[in-house]
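# A closer look at the structure
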Amino acid sequence: TMEIGCEQATLQLDAFGQRFQVYPKQSPHAAWREWDPDMDTAMVADFARAVREDVPPAASGRDGERALAVVLAAYASVSSGQPEPVRPPAAIPAA
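About the thresholds
Residues numbered from 1 in each chain as written. Predicted model: local features only at pLDDT ≥ 70, side-chain atom pairs only at ≥ 80, totals over all residues. Heavy atoms only, no water. Helix = DSSP H or I, 4+ residues; strand = E, 2+ residues; numbered from the N terminus. Buried < 20%, exposed > 50% of the residue type's maximum accessible area, 1.4 Å probe, protein only. Contact = heavy atoms within 4.5 Å. Salt bridge = Lys/Arg side-chain N within 4 Å of Asp/Glu carboxyl O. Pairing = 2+ DSSP bridges. Axes fitted to C-alpha atoms, helices over the stretch in contact; angles between N-to-C directions. Expected span 1.5 Å × (residues − 1). Patch = residues over 30% accessible without salt bridge, like charges linked within 9 Å, V, L, I, M, F, W, Y side chains within 5 Å. Areas by Shrake-Rupley, 256 points an atom, 1.4 Å probe, with all protein chains shown as cover.

With that settled, consider the environment of Ala 50. Within the fold, Ala 50 resides in helix H1 (residues 39-53). Taking the relative accessible area as the measure of exposure, Ala 50 reaches 6% and is therefore buried. Leaving out residues up to four positions away in the same chain, Ala 50 has contacts with Val 55, Pro 56 and Pro 57.

Now the structure itself:
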C-alpha cells in the first residue's frame, strides 16, 4: 500500500487490489475507487478511439509527466526515508 498526502485529500493506493481509498480533508467520509484490471488494454483502446474520432485521449502527455513526477517523488521518499515533494514536470532534471 502506498499513501500519498495531497492538499485536499490523502490517498491510499492498493496496486495489488487495484483500488485506492480517498480520505478528503473536508469530509469525514472515505471512498474506495476501483479501476479496470487491464489498464494497458484500456489505454490502447482509448488512444485508438481518440485517433479514430479526432479527439484528445483521456490521458494527455502532460498527465503522463505528472504521473512520472509522483513516481520520482515516491522513489526519492523511499531513498530518503522522508516525505518528498512532488515537483512540477518542468523541474524534473534530465537523466
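Having seen the model, we can carry on.
Applying the stated rule across the entire model yields 4 salt bridges. Between Asp 63 and Arg 66 there is a salt bridge whose closest N-O contact spans 3.6 Å. Residue Asp 63 and its partner Arg 66 are both found in helix H2 (residues 61-80); the two are separated by 3 residues, about one turn of the helix. By relative accessible area, which is 31% here, Asp 63 ends up partly exposed. Several salt bridges converge on common partners, so that one network encompasses Asp 46, Arg 49 and Glu 53.

Next up on the list: the sheet that holds strand S3 (residues 19-24). If you walk across this open sheet you meet the 4 strands as S1-S2-S3-S4, and the pairing is antiparallel. Looking at which strands have only one partner, the edges of the open sheet turn out to be strand S1 (2-5) and strand S4 (31-34). Direction aside, neighbouring strands of the sheet carry axes that sit 20° apart on average. The pairing of S3 with S4 spans 4 bridges and is classified as antiparallel. Of the residues in S4, the one forming a bridge with Val 22 is Ala 31.

Another aspect to go through is H1. An ideal rise of 1.5 Å per residue puts 21 Å on 15 residues; H1 measures up with 21 Å between its terminal C-alpha atoms. Where H1 ends, the next residue or the one after it, Asp 54, has phi of about 55°, a positive value.

Turning next to a nonpolar patch on the surface. A cluster of nonpolar residues, Leu 68, Val 71, Leu 72 and Tyr 75, forms a patch on the protein surface that exposes about 380 Å² of accessible area. On the secondary structure map, Val 71 appears in helix H2. Take Val 71: its relative accessible area is 39%, and that puts it in the partly exposed class.

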